[in-house]
2 protein chains.
Amino acid sequence: MTYATQLGILGGGQLAQMLAMAAIPLGIRCHIYEPAADAPAQHVAYHHQSSYAQQATLKIFAERVAVITYEFENVPSTAADYLATLKPIHPQPKALTICQDRLFEKQFVTKQGFMTAPFTAVDPTKGVSQSIDKIRLPAIAKTRRMGYDGKGQQRINTLTEAYQVMVDLAGQDIILEGVVNFTRELSIIAVRDAHGRTVRYPLIENHHHQGILRLSLAAAPNVHPLIEAQADAMAKLLTNALDYVGVLTIECFEVMTPNGPTLLINELAPRVHNSGHWSIEGSMTSQFENHVRAVCGLPLGPVAPRGISAMINLIGDIPNPADVPAGTFIHLYHKDARPGRKVGHLTIVARNMASLLRKIEECRALPGVWLPTL
Amino acid sequence: MTYATQLGILGGGQLAQMLAMAAIPLGIRCHIYEPAADAPAQHVAYHHQSSYAQQATLKIFAERVAVITYEFENVPSTAADYLATLKPIHPQPKALTICQDRLFEKQFVTKQGFMTAPFTAVDPTKGVSQSIDKIRLPAIAKTRRMGYDGKGQQRINTLTEAYQVMVDLAGQDIILEGVVNFTRELSIIAVRDAHGRTVRYPLIENHHHQGILRLSLAAAPNVHPLIEAQADAMAKLLTNALDYVGVLTIECFEVMTPNGPTLLINELAPRVHNSGHWSIEGSMTSQFENHVRAVCGLPLGPVAPRGISAMINLIGDIPNPADVPAGTFIHLYHKDARPGRKVGHLTIVARNMASLLRKIEECRALPGVWLPTL
């Protein structure tokens, strides 16, 4: 069995950095394609610094690598389509097309038999009021493209607010989503290899603040067997439907129904995901290594947990590693601190939930940390 | 507390590579100083490619970093002494002077109250026969400098062989060591921070073949409490005597005496060590991270084991990662395979010794692996 030992990554942020670091022990070198000069991943990969519009540099990049992947879903489709004529791209660009657009994403998910929040595309010739009739208020207006970390989203409680949103988001394609009364957010990190074998990590419980992920717990506590079964089905069917190779993240709402809990799919991310960072120390194989293994043609590693883990994001401020409690793993991304910016994360691996919660509390006062009441 | 975020490393091999990869999540960038163009660490660090004799490039290197360390003990002393005038070097160059020379090393160890094999310097004006009178045959002739992986060593069983050794090693400073009847080789990986706090990893049992380390087990099984106490004393006293900052490896023979087992010190390595590679996955903090923490002025991380570990060296041949058993961690060094060359290692972390031995056996037939009967 041969495998790719030169891997191209579109994007050079912290996800590319952690992918490249997972690739090195496998004998794989990474090349990042990234317009920014100060990309975190440049420290661990060859940096092809150029615009995604430059076909000449895209060609040189493609010549240097055996296979191409990406760390973000907003890769310009012209670049992805051009590169696909030169080298294999995993996950395949069709996944990008779907995941770049909230409408396509929800249509895809429902077609596979899974539920989402109620949604409707806003017809710009008719305005929001007709769409609101379909969804009911309160609702959330979201741009179909380029939203992340809560950006491009506005909640609508009244018709007056609805008209304001039309002004604020004028010129962009919008969908309206019904507000879901969920008990918690859970994410599924699935990975499928080139032979169609899919595994998934334990379900992850995610806590947000100001639209940004702050805390993930893995495995999520108190998961109902129905939810586990749904997660299995989602991991398998969604990756199969896309003939997917690599990590696919499925962000879900857990909702209570008279028949028990169920999952609604909120978003798909065709890449490694912030809620999976705990897997570097907390799993037998990290999400980064398994993504690299999948796209480079190696068998997947086991996803058994090495304890119960927490991942705490560092947002907007960087603690001194000297102040981080002993035994808590720190990962800094070599980015300057700016409000709302992800600059690192902490991981805790414990034997049981009581010990994990105690160790999480010790991090509460650190710069960059926001924690819910636990 | 401030800490160094630009770390210079003399040498650019796999030890520097793993040091740099441990430094990145701490927000620390590494700069390697390494004459070879194809150094493994260049993929994860700035590469200053120049000779150790070039004072001008040494100066540029020193200007780029806040503190300097090294991955090998044979750093030319002129380079180390010059750099020490520009930036702090940890471990301090005195450790190099001692560890570069088998005679100084043994004199230092015995001065601190610890035992070694019987040894004597060969007086070149008098030849080996007088030295042999002191040590008795069989003995081992070793060059005082530049020996590693069994190089620069010859066993002497007869006086005839002794004269042949004098011819083979002519012009080099030699010591003669008595052959020790040891039960096994154990290594101690100690690490001391800038405030003088020393911790050590669990004792490691090492198995060699053709003079090269092949297998390490950590924690070593069946260690007598007397040996643990000796290891504690060695870690503390030897690092204190050198006012040491960083990882110090103490290679020992375990010898049976009428009063119980005891340790003789065979060699000191003033650096991270091959027998400590298991700590990347097998310890709460790897030897690489703790070395970086110590030399950069961060508090040490905990050295508690995450199970019982084995490290299997890959020598002279590289297995396909696809053939490595699931759950066994592989680390390749991005070096071409040549006979006797260390090109990677495998790590296994298990819950108990029975499970560990079973998983080690699964690796026996892999290219590059040599295992003793277990």
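Residues numbered from 1 in each chain as written. Chains lettered and ligands numbered in written order. Predicted model: local features only at pLDDT ≥ 70, side-chain atom pairs only at ≥ 80, totals over all residues. Heavy atoms only, no water.

Undergrad: Could you give an account of the relation of the copies chain A and chain B, naming the residues involved and the relevant values?
TA: Here chain A sits on chain B after a turn of 180° about the axis and a move of 0.0 Å along it, with an RMSD of 0.0 Å. Such a turn and shift between the copies fits a two-fold axis. When each C-alpha of chain A is compared by its distance to the rotation axis, A:Val44 comes out closest, at 2.3 Å. Both copies share a contact surface, since 100% of the interface residues of chain A are interface residues in chain B too. (Least-squares fit on C-alpha atoms with pLDDT ≥ 70 in both. Contact = heavy atoms within 4.5 Å.)

Undergrad: Let's hear about the pattern of salt bridges: which residues, and what values?
TA: All names here are of chain A. This structure, assessed with the given rule, holds 28 salt bridges over all chains. A salt bridge links glutamate 177 to lysine 106, with the shortest nitrogen-to-oxygen separation between them at 2.8 Å. Of this pair, glutamate 177 sits in strand β8 (residues 174–178) while lysine 106 sits in helix α5 (residues 102–111), and the two are 71 residues apart along the sequence. The two residues glutamate 177 and lysine 106 agree in class, both being buried. One connected set of salt bridges, linked through shared partners, spans Asp101, Arg144 and Arg145. (Salt bridge = Lys/Arg side-chain N within 4 Å of Asp/Glu carboxyl O. Helix = DSSP H or I, 4+ residues; strand = E, 2+ residues; numbered from the N terminus. Buried < 20%, exposed > 50% of the residue type's maximum accessible area, 1.4 Å probe, protein only.)

Undergrad: I'd like to hear about the interface of chain A and chain B, residue by residue, with values.
TA: Taken together, the 33 residues of chain A in the interface contact 33 residues of chain B. Both faces considered, chain A and chain B share a buried interface measuring about 2,900 Å² in area, 61% of it formed by carbon and sulfur atoms. Remark: the boundary between chain A and chain B carries zero salt bridges. For the pair chain A and chain B, the interface holds eight residue pairs in polar contact (both at pLDDT 80 or more). Those elements giving two or more residues to the side of chain A that touches chain B turn out to be α1 (14–23) and β16 (329–332) of chain A. In terms of residues, the side of chain A that touches chain B owes the most to one element, β16(A), which gives four residues. Residues belonging to the side of chain A that touches chain B are distributed by class as follows: 21 nonpolar, eight polar and four charged. (Buried area = accessible area lost by both parts, 1.4 Å probe. Polar contact = N/O pair within 3.5 Å; in protein donor to acceptor, adjacent residues only side chain to side chain. Nonpolar A, V, L, I, M, F, W, Y, C, P; charged D, E, K, R; others polar.)

Undergrad: So what's going on with the sheet that holds strand β5 (residues 119–121) of chain A? Which residues, and what values?
TA: All names here are of chain A. Strand order across the open sheet formed by four strands is β5-β8-β6-β7, with antiparallel pairing between neighbours. The two strands at the open ends of the sheet, each matched to only one other strand, are β5 and β7 (153–156). Strand-to-strand twist of the sheet, defined as the mean angle between neighbouring strand axes without regard to direction, takes the value 25°. With five bridges connecting them, strand β6 (residues 139–143) and β8 associate as antiparallel partners. Within β8, the residue paired with threonine 143 across the bridge is isoleucine 174. The strands touched by α5 are β5, β6, β7 and β8; relative to β5, the strand with the most contacts, the crossing angle is about 135°. Strands in contact with helix α6 (residues 128–135) are β5, β6 and β8; relative to β8, the strand with the most contacts, it is inclined by about 30°. (Pairing = 2+ DSSP bridges. Axes fitted to C-alpha atoms, helices over the stretch in contact; angles between N-to-C directions.)

Undergrad: If you had to explain the pairing of strand β15 (residues 308–315) of chain A to someone new, which residues and values would you point to?
TA: All names here are of chain A. Most of β15 sits out of view: eight of its eight residues are buried. Of the two faces of β15, both are covered, the one formed by Ile308, Ala310, Ile312 and Leu314 as well as the one formed by Ser309, Met311, Asn313 and Ile315. Summarising the sheet, strand β12 (residues 212–218) and β15 pair through four bridges and their orientation is antiparallel. Bridging from a neighbouring strand, serine 216 pairs with methionine 311 of β15. In this structure, β15 lies alongside strand β17 (residues 342–350), joined through eight bridges in antiparallel fashion. Bridge assignment links isoleucine 315 to a residue of β17, and that residue is lysine 342.

Undergrad: Go over α6(A), please, and point to the residues and values.
TA: Residues and elements named next belong to chain A. Residues of α6 that are buried: Val128, Ser131, Ile132 and Ile135. The arc enclosing the buried residues of α6, seen along the axis, measures out at 105°, which places them on a common side. Opposite its buried face, α6 presents the exposed residues Asp133 and Lys134, each directed more than 90 degrees away. (Arc of directions from axis to C-beta.)

Undergrad: Kindly report on the sheet that holds strand β4 (residues 67–70) of chain A, identifying the contributing residues and their values.
TA: In any sheet, the strands associate via hydrogen bonds between backbone groups, in a parallel or an antiparallel arrangement. All names here are of chain A. Strand order in the open sheet formed by four strands is β3-β2-β1-β4, and the pairing between neighbours is parallel. The two strands at the open ends of the sheet, each matched to only one other strand, are β3 (46–48) and β4. Each strand of the sheet is rotated relative to its neighbour by a mean of 25°, with strand direction disregarded. As judged from the five bridges shared by strand β1 (residues 6–10) and strand β2 (residues 29–33), these two strands associate in the parallel manner. Paired with glycine 8 across the bridge in β2 is histidine 31. Helix α2 (residues 55–64) rests against β1, β2, β3 and β4 of the sheet, and its axis sits at about 170° to β2.

Undergrad: Quick one: what's the story with the packing of aromatic side chains, residue by residue and with numbers?
TA: All names here are of chain A. Applying the stated criterion across every chain, the model contains 10 aromatic pairs over all chains. Summarising the aromatic geometry, the rings of tyrosine 33 and tyrosine 52 are spaced 5.5 Å apart at their centres and angled 40° between planes, so their arrangement reads as tilted. On the criterion of sequence distance, the pair formed by tyrosine 33 in strand β2 and tyrosine 52 in the loop between β3 and α2 is long-range, its members being 19 residues apart. Between phenylalanine 182 and phenylalanine 253 the ring centres are 4.4 Å apart and the planes differ by 20°, which places this aromatic pair in the stacked class. Of the two residues, phenylalanine 182 is situated in the loop between β8 and β9 (184–192) and phenylalanine 253 in strand β13 (residues 246–257); the sequence distance between them amounts to 71 residues. A relative accessible area of 37% places phenylalanine 182 in the partly exposed class. Given the relative accessible area of 12%, phenylalanine 253 is considered buried. Each residue in the set Tyr33, Tyr52, Phe61 and Phe72 is aromatic and connected to the rest through ring pairs, giving one cluster. The ring of phenylalanine 104 carries arginine 144 above its face, with NZ or CZ at 5.3 Å from the centroid. (Phe/Tyr/Trp six-rings, centres within 6.5 Å; stacked < 30°, edge-to-face > 60°. Lys NZ or Arg CZ within 6 Å of the ring centre and 35° of its normal.)

Undergrad: Hey, could you go over unusual backbone geometry for me, with residue numbers and the actual values?
TA: Here the amide bond leading from A:Ala218 into A:Ala219 is cis, since omega sits at 0°, within 30 degrees of zero. Within the secondary structure, A:Ala219 sits in the loop between β12 and α8 (225–241). Residues B:His90 and B:Pro91 are joined by a peptide bond in cis, for which omega reads -10°. Its location among the elements puts B:Pro91 in the loop between α3 (77–84) and α4 (93–99). For A:Gln210, which is not glycine, the phi dihedral falls at a positive 50°. With respect to the helices, strands and loops of the structure, A:Gln210 is situated in the loop between β11 (204–209) and β12.

Nothing here speaks to function; it is geometry throughout.
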